Every structure is written in structure tokens, then in C-alpha cells.
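Structural overview for review
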Amino acid sequence: MNLTRQSGLSTLGMLLVVVLVVGGLLLAMKLVPLYIDDFAIAKALESLRTERNLYDMQKKEIRKTLRRKLTADYTRELTDEEVLISKSKGTINIDIVYESRVPIVYNLDVVAKFEHHFVK
């Protein structure tokens, strides 16, 4: 008697694969916007290089200019504690350090920390 056995994915295996794929897609849908915002913040910070007389501006004016650029890209609002500006000997340093928190399920959050440095 020649018996052939079927090989393949069982119902339980198929369910596990579906759960993992859907979970991965949901996680990606929540994390991708964080990195899109971070890319926009980095782009806005680099666009300050084209500003004339950046060193002569007051810190308040620099923050206002940066906020205007971020608003154009519909990104998150950065607080004054997240944007650190220092001037010394003809150079200006701008550091943006912030974190974003995204709830995943019930009491599980993902925290992403971002840093950007600008020297002109």
C-alpha cells in the first residue's frame, strides 16, 4: 500500500502566521510616522543653513523660524526644552533632543529618542 502524506501548514500554523503578519503591520503603521516626523525635523534644521544672519538672530527668533519650517511640514511641536541653542565665538549650535511615545497595546508603549545637532 502506497500512502502519501500531505505536508503543509496546519490551521494553527496558518493562524499564527496571520497574527504575526498583522501584528507586524500594525506596529509598522504606528512607528513609521515617528520617523517621518523625525526626517522632517532634520530637514527643517538643515534648512537653517540657508538663513542669512542666523548668528545675529536672537534665540527666540531662531525658535520662531524653526517652528515656522516645522509647521509647513505638519510635524509635531517642539518645546523650548527640546531645542537647545548656544552661541560662541562666531558659531551657533542648535541641538534638538526629544522623545516620542506611542501606545501599542494596553500598557505597552514604544519610546523613541531622537537627537539632531546643527553647527554653523
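Remember, it's a predicted structure, so these values are computed and weren't measured experimentally.

Conventions used here
- Residues numbered from 1 in each chain as written.
- Predicted model: local features only at pLDDT ≥ 70, side-chain atom pairs only at ≥ 80, totals over all residues.
- Heavy atoms only, no water.
- Salt bridge = Lys/Arg side-chain N within 4 Å of Asp/Glu carboxyl O.
- Buried < 20%, exposed > 50% of the residue type's maximum accessible area, 1.4 Å probe, protein only.

Attention now moves to the pattern of salt bridges. In total, this model carries eight salt bridges according to the counting rule given. Where glutamate 82 meets arginine 76, a salt bridge forms, and the shortest distance between an N and an O atom there is 3.5 Å. Residue classification places glutamate 82 among the buried residues on the basis of a relative accessible area of 14%. A relative accessible area of 25% places arginine 76 in the partly exposed class. Note that aspartate 109 and arginine 101 form a salt bridge whose closest N and O atoms lie 3.8 Å from each other. The exposure class of arginine 101 is exposed, given its relative accessible area of 53%. Three or more residues joined by partner-sharing salt bridges are found here, namely Arg63, Arg67, Glu77 and Asp80.

All quantities given are derived from atomic positions and should not be read as evidence of function.
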